[in-house]
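# Summary of the model geometry
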Amino acid sequence: SIAQALATDYFCIYYVNVQNDKFIEYNASPEYKALGLPVTGDDIISFARTNFEEFIYPDDRKGFLKRFTKEKVLRSLDQYGTFTMTFRMMFSALPTYVHLKVTRMIEKEARHAVIGISSIDEQMKAKEAFEKTHSESITYSRVAQALAGDFFSIYVVDPDTDRFIQYSATKEY
């Protein structure tokens, strides 16, 4: 099934009824399960804000709590059909960059959504290393960020190493 295919890209997937906020964990990696979070519940937003707060890297907690509200998620789903955000979670006492994506399921009633959480740690650390190594070309990074404001994403590719860095616009919805 499609959900099983997505499970290889996401270390956690939740199904959510957006009308009554009930959720159930569809799939979770052993690393995610080790956090000991409940697999079902009655209020996904409250669950995430309460339970994730303790596992979110301290520098990212305030931003997470500010952006991950029911009003902002639903507004983004209504306008764009998706809601995304990036933050760091603590796994084995190490901060790990994760990408959270909420997407409405295609159905007439528009009652359900899927939440997927994936690790983007390798990409983010490569981006940080690239920017640190090329600090003299900070203007280059600023140009990329400015362009990302007009596009969903842009990619800067290093042909010598076949590595790329994704720049995305960071907009509040």
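Quick note: structure is the one above.
Anyway, here's the lowdown on the structure attached to this text.

### Let's talk about the nonpolar core
Of all hydrophobic cores here, the largest spans 32 residues; its most connected members are Tyr14, Tyr32, Phe52, Phe68, Phe87 and Leu100. With six residues, the single largest contributor to this core is helix α3 (residues 44–55). Once residues lying within four places of it in the same chain are set aside, the contact partners of Phe87 are Phe52, Ile56, Asp60, Phe64, Thr96, Tyr97, Val98 and Leu100.

### Things to note about α3
Helix length check: α3 (12 residues) gives 16 Å between terminal C-alpha atoms against 16 Å at 1.5 Å per residue, within 8%. For α3, the N-terminal capping position is held by Asp43, with its side-chain oxygen 3.3 Å away from the main-chain nitrogen of Ile45.

### Points about the packing of α3 against helix α4 (residues 58–67)
Their axes nearest at 10 Å, the elements α3 and α4 cross at an angle of 170°. When the axes of α3 and α4 are compared, the pair comes out roughly antiparallel. Two secondary-structure elements touch here, α3 through Ala48, Arg49, Phe52, Glu53 and Glu54 and α4 through Arg61, Phe64, Leu65 and Lys66. Residue composition of the contact of α3 with α4, grouped by class: four nonpolar, no polar and five charged.

### Remarks on the pairing of strand β2 (residues 23–28)
The pairing of strand β1 (residues 12–17) with β2 spans five bridges and is antiparallel. Bridging from a neighbouring strand, Ile13 pairs with Asn27 of β2. The antiparallel hairpin formed by β1 and β2 contains five residues in its connecting segment, where Asp21 sits at a positive phi of about 70°. As defined by bridge partners, β2 adjoins strand β3 (residues 40–41) across two bridges and the pair is classed as antiparallel.

What counts and how
- Residues numbered from 1 in each chain as written.
- Predicted model: local features only at pLDDT ≥ 70, side-chain atom pairs only at ≥ 80, totals over all residues.
- Heavy atoms only, no water.
- Core = buried A, V, L, I, M, F, W, Y, C linked by side-chain atoms within 4.5 Å.
- Buried < 20%, exposed > 50% of the residue type's maximum accessible area, 1.4 Å probe, protein only.
- Helix = DSSP H or I, 4+ residues; strand = E, 2+ residues; numbered from the N terminus.
- Contact = heavy atoms within 4.5 Å.
- Expected span 1.5 Å × (residues − 1).
- Polar contact = N/O pair within 3.5 Å; in protein donor to acceptor, adjacent residues only side chain to side chain.
- Axes fitted to C-alpha atoms, helices over the stretch in contact; angles between N-to-C directions.
- Parallel < 35°, antiparallel > 145°, perpendicular 65-115°, else oblique.
- Nonpolar A, V, L, I, M, F, W, Y, C, P; charged D, E, K, R; others polar.
- Pairing = 2+ DSSP bridges.

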